Amino acid sequence: MKNEKYNFWEKVVRRGICGVSTLIVGSGAVMMAPITMAETAGSATSDVVVTLNPVISMGIYSNSGMTEQTSEVSMSALPESWVTSPIYVGVATNNASGYNLSISPNTQGVTGLVKDQNNVIAAAVGTVSVTDMQNGATRWGFSTDGSSYKGLTASPIEIKRTNVPTGTGSSGCGADKGLACDRTDVTFGTKVGSEVESGTYTNTVKFTAVTNSI
């Protein structure tokens, strides 16, 4: 019996210890919950830059559809006659601010139609109406509006200015770059008086297209 009592209390104590131990472990489980570490990350940026340079191209055409380029304007006249001949200047550009187009004599200071030193058809001075050109003295000039004419001057004369690209296209002066060809109509006119000696009178005219500053 003594041994049995000892064994009984031993079992009770052990059970009690086990019971207390169980509570301590339970309490420890609450206090020692897993700690979640915050995620960290690094970052960097890189700029991708594409620079598209402005391009410009032009052509001079004999037809309004700008499919036939030309290098000559021919006019045949009789004494006391008024003759005209049109051309079409095409300009293509991708420039964001557009372009400006000017006209000038190819030879500096030579503004008239020249046969020789003694036979020259002078350029019109200032802006002259069509009627005055037709009925006035011998002279020649160009028109971009169909209602008035101007003569060449020593300095280039601006005849057009745009502020946007010419757009996309597949024909004319911008075809090789996929750009539309913006058209400017220019008509040359000459009044020939009876005093003008027969012969061929010429001048080389230069058109210049320049991209505008952005």
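Our structure is the block above this text.
Residues numbered from 1 in each chain as written. Predicted model: local features only at pLDDT ≥ 70, side-chain atom pairs only at ≥ 80, totals over all residues. Heavy atoms only, no water.

A. Expanded view of the overall build of the chain. Counting secondary structure elements, the chain contains two helices and 11 strands. Listing every helix and strand of the chain by position from the N terminus yields α-β-β-β-β-β-β-α-β-β-β-β-β. Counting the 214 residues in the chain, one finds 29% classified as buried. Considering only contacts within the chain whose residues lie at least 6 apart along the sequence, 73% involve residues at least 24 apart. A total of about 14100 Å² of accessible surface is found on the chain, and carbon and sulfur atoms cover 54% of it. (Helix = DSSP H or I, 4+ residues; strand = E, 2+ residues; numbered from the N terminus. Buried < 20%, exposed > 50% of the residue type's maximum accessible area, 1.4 Å probe, protein only. Contact = heavy atoms within 4.5 Å. Areas by Shrake-Rupley, 256 points an atom, 1.4 Å probe, with all protein chains shown as cover.)

B. Structural view of the side chain of Asn 212. By the element assignment, Asn 212 lies in the segment after strand 11 (205–211). At 2.8 Å, the side chain of Asn 212 forms a polar contact with the backbone oxygen of Thr 162. For Asn 212, the contacting residues outside a window of four places in its chain are Asn 95, Ser 97, Gly 98, Tyr 99, Asn 100, Arg 161 and Thr 162. (Polar contact = N/O pair within 3.5 Å; in protein donor to acceptor, adjacent residues only side chain to side chain.)

C. Just the layout of surface pockets, in detail. Taken as a whole, the largest pocket holds about 860 Å³ of empty space. Of all the secondary-structure elements, those providing two or more residues to the lining of the largest pocket are strand 2 (81–93), strand 10 (182–192) and strand 11. Considering each element in turn, the lining of the largest pocket owes the most residues, three residues, to strand 10. (1 Å grid on protein atoms, 1.4 Å probe; cavity = no way out; pocket = protein on both sides within 12 Å on 5 of 7 lines; lining within 4 Å. Points joined across faces, edges and corners; volume = space filled by probe spheres on them.)

D. Here's a closer look at unusual backbone geometry. At Met 66, a residue that is not glycine, the phi angle is positive and equals roughly 55°. Its place among the elements puts Met 66 in the loop between strand 1 (56–61) and strand 2. One non-glycine residue with positive phi stands out, namely Glu 80, at about 55°. With respect to the secondary-structure elements, Glu 80 resides in the loop between strand 1 and strand 2.

E. Looking closely at the environment of Gly 174. Locating Gly 174 in the fold gives a position in the loop between strand 9 (157–161) and strand 10. Residues within four places of Gly 174 in sequence aside, it is in contact with Ser 57, Ala 92, Leu 179 and Cys 181.

F. Expanded view of the packing of aromatic side chains. Applying the stated criterion to the full structure yields two aromatic pairs. The interplanar angle of 85° and the centroid separation of 5.3 Å between the aromatic rings of Trp 82 and Tyr 149 together place this pair among those described as edge-to-face. On the criterion of sequence distance, the pair formed by Trp 82 in strand 2 and Tyr 149 in strand 8 (residues 148–150) is long-range, its members being 67 residues apart. A relative accessible area of 22% means that Trp 82 is categorised as partly exposed. The buried category is assigned to Tyr 149, whose relative accessible area is 5%. (Phe/Tyr/Trp six-rings, centres within 6.5 Å; stacked < 30°, edge-to-face > 60°.)

G. The state of the cysteines, seen in detail. Considering all chains together, one arrives at one disulfide under this definition. The side chain of Cys 173 participates in a disulfide bridge whose partner is Cys 181; the two sulfur atoms lie 2.0 Å from each other. Between Cys 173 and Cys 181 the disulfide shows an S-S torsion of about 115°. By sign, it is right-handed. Per residue, the accessibility class of Cys 173 equals that of Cys 181, and both read buried. (Disulfide = S-S within 2.5 Å.)

H. Representation of the sheet that holds strand 11 in the model. Taken in spatial order, the three strands make up an open sheet running 9-3-11, and their pairing is antiparallel. Unpaired on one side and paired on the other, strand 9 and strand 11 mark the two borders of the sheet. Neighbouring strand axes in the sheet, compared pairwise and without regard to direction, differ in orientation by 25° on average. Judged from the four bridges that link them, strand 3 (residues 99–105) and strand 9 form a sheet pairing that is antiparallel. (Pairing = 2+ DSSP bridges. Axes fitted to C-alpha atoms, helices over the stretch in contact; angles between N-to-C directions.)

These figures come from the coordinates and say nothing about function on their own.
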